[in-house]
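Per-entry structural report
Take a look at the letters that make up each chain.
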Amino acid sequence: LDPHQLLVGHRFLLRPAEGAPKVGDPSLAGMILECEAARPHQDRWLIKLAGFDDMTAAEKLRGFDLCVARKDLPKLPEGWHWEADIAGAKVYDARLGEIGVAMELEIGGGQDQLIIERGPEAGEAAGTRVRIPWVKAYLKKIDIEKKEIRLELPEGYPGLED
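Procedures and definitions
- Once a new chain begins, its residue numbering starts again from 1 and follows that chain's sequence as written.
- With pLDDT at 70 or above as the cut-off, local features in this predicted model cover only qualifying residues; side-chain atom pairs require 80 or more to be listed or tallied, and sums for whole chains, interfaces and linings still use all residues.
- Think of the side-chain values as coming from all heavy atoms in the structure, minus any hydrogens and water.
- We define a salt bridge as a contact between a side-chain nitrogen of Lys or Arg and a carboxyl oxygen of Asp or Glu at a distance within 4 Å.
- Helix and strand labels come from DSSP, where a helix needs a run of H or I of at least four residues and a strand needs a run of E of at least two; each type is numbered from the N terminus.
- Strand pairing is assigned whenever DSSP identifies at least 2 bridges connecting the two strands.
- Any two of the Phe, Tyr and Trp rings considered here, Trp counted by its six-membered ring, make a pair once their centres fall within 6.5 Å; the pair's planes then place it as stacked at under 30 degrees, edge-to-face at over 60, or tilted in between.
- Summary of the burial criterion: residues with accessible area below 20% of their type's maximum are buried, those above 50% are exposed, and those between are partly exposed, where the area comes from a 1.4 Å probe applied to protein chains only.
- Charge over a ring is defined by NZ of Lys or CZ of Arg lying within 6 Å of the ring centre and within 35 degrees of the ring normal.
- The patch calculation keeps residues exceeding 30% relative accessible area without a salt bridge and links them within 9 Å when they carry like charges or within 5 Å when they are nonpolar (Val, Leu, Ile, Met, Phe, Trp, Tyr).
- Here, Shrake-Rupley sampling with a 1.4 Å probe gives the accessible areas, and only protein chains in the shown set may cover a residue.
- A contact between two residues is defined here by any heavy atoms of the two lying within 4.5 Å.
- In this count, Lys and Arg are taken as positive residues and Asp and Glu as negative ones, while His and the chain termini are left out.
- Across the chain, each position has a pLDDT score giving the predictor's confidence in that residue, from 0 to 100.
- The nonpolar core is taken to be a set of buried Ala, Val, Leu, Ile, Met, Phe, Trp, Tyr and Cys residues, with the residues joined through side-chain atoms within 4.5 Å.

**Here's the deal with the pattern of salt bridges**
Inspection of every chain in the model, using the stated rule, returns eight salt bridges. Asp-53 is the salt-bridge partner of Lys-48, the closest N and O atoms lying 2.7 Å from each other. We note a salt bridge from Arg-129 to Glu-117, for which the minimum N-O separation is 3.3 Å. Residue Arg-129 is found in strand S8 (residues 129-133), and its partner Glu-117 is found in strand S7 (residues 113-117); the two are separated by 12 residues along the sequence. Counted as one network, the salt bridges with shared partners bring together Glu-36, Lys-48 and Asp-53.

Have a look at this one:
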C-alpha cells in the first residue's frame, strides 16, 4: 500500500500507547487529528498533523498511538491481512497441531516474523515466544473469521521440537 493512502487526508484518534512512558500531554487522549502531509524519513514516515505546527507542539504527542477507524482503511489486495486481524489467532502446525497464539508480526530486519506465544497447553512455560518467518513456504492458510493460522513447519523447528 502507498502510505499516503493511509495517512494524508485521514483523521486519527489519539490513544495512549500501551507500555509507553507517559511523556505526552494526557489531555490530548481521545482527540481526533487530521494528517496534512507525510514523507518518508529513514525507516519511518514523518507526518504533519493539523494544529501541530512545530517540534514543541509535536512533542506533546509523544507516547500516543494514531488510530484509524476500520471503516476508513483501504481494501487490501487478495492474500493480505491487517496485523490486528492476525494478533490473537491460534496457530497450528500440520504435524504438531496447536502450537501457540499469534502475538504480532515483526516487520523488517531482513525477514518478516510471526511471533507466537506458547503456553502450558503446549508443555511450555507461560510466555515462551517463538519466531517464525512469515513466508509462503510455511504459511498454508489464514482464516480471519475463525482466528486461525495454519503452518507447515520443517521437522525440528527451533523452539517447538528442540
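**A few points about the pairing of strand S10 (residues 148-151)**
Looking at chain direction, strand S5 (residues 90-93) and S10 are connected through four bridges and run parallel. Counted as the bridge partner of Lys-90 is Glu-148 from S10. Pairing of strand S9 (residues 139-143) with S10, which is carried by four bridges, proceeds in the antiparallel orientation. In the sheet register, Leu-139 faces S10, and the bridge partner there is Leu-151. Between S9 and the antiparallel strand that follows it, S10, lie four residues; Lys-147 among them carries a positive phi value of about 55°.

**What to know about the packing of aromatic side chains**
Scanning the entire structure with this criterion turns up one aromatic pair. With a centroid separation of 6.2 Å and 90° between ring planes, the pair formed by Tyr-138 and Tyr-157 is classed as edge-to-face. Of this pair, Tyr-138 sits in the loop between S8 and S9 while Tyr-157 sits in the segment after S10; the two residues are 19 residues apart in sequence, bridging distant segments of the chain. For the pair Tyr-138 and Tyr-157, a shared accessibility class is recorded, and that class is buried. The aromatic ring of Tyr-92 is capped on one face by Arg-150, whose charged end is 4.2 Å from the ring centroid.

**Some points on a nonpolar patch on the surface**
Taken together, the side chains of Trp-45, Ile-47 and Leu-66 make up a nonpolar region of the molecular surface, amounting to roughly 220 Å² of accessible area. Here Trp-45 shows up in strand S3 (residues 44-49).

**Comments concerning the environment of Ala-38**
Structurally, Ala-38 is set in strand S2 (residues 32-41). Note: C-alpha distance between Ala-38 and Glu-104 (66 residues apart in sequence) is 25 Å. Beyond its immediate sequence surroundings of up to four residues, Ala-38 is in contact with His-4, Leu-7, Val-8, Trp-45, Leu-46 and Ile-47.

**So, the side chain of Asp-143**
With respect to the secondary-structure elements, Asp-143 resides in strand S9. Here Asp-143 is buried and forms no salt bridge, its nearest opposite-charge partner Lys-141 lying at an N-O distance of 4.3 Å.

**Structural notes on the confidence of the model for the protein chain**
Fine structural detail should not be taken from predicted coordinates in areas where pLDDT scores are low. Summing up the model confidence of the protein chain, the mean pLDDT is 85 and the portion of residues at 70 or higher is 91%. Mean pLDDT across the elements of the protein chain ranges from a minimum in helix H1 (residues 3-6), with 73, to a maximum in S10, with 96.

**Digging into the nonpolar core**
Membership of the largest hydrophobic core comes to 16 residues, with the highest contact counts inside it found for Val-91, Ile-99, Leu-114, Ile-132, Ile-149 and Leu-153. For this core, the secondary-structure elements that each account for two or more residues are strand S6 (97-106), S7, S8 and S10. With three residues, the top contributor of residues to this core is S6. Those residues in contact with Leu-114 that lie beyond four places of it in its chain are Ile-86, Val-91, Ala-102, Glu-104, Leu-105, Val-130, Arg-131, Ile-132, Trp-134 and Ile-149. The next biggest cluster of nonpolar side chains, apart from the first, holds 12 residues, and it includes Leu-49, Ala-57, Leu-61 and Phe-64.

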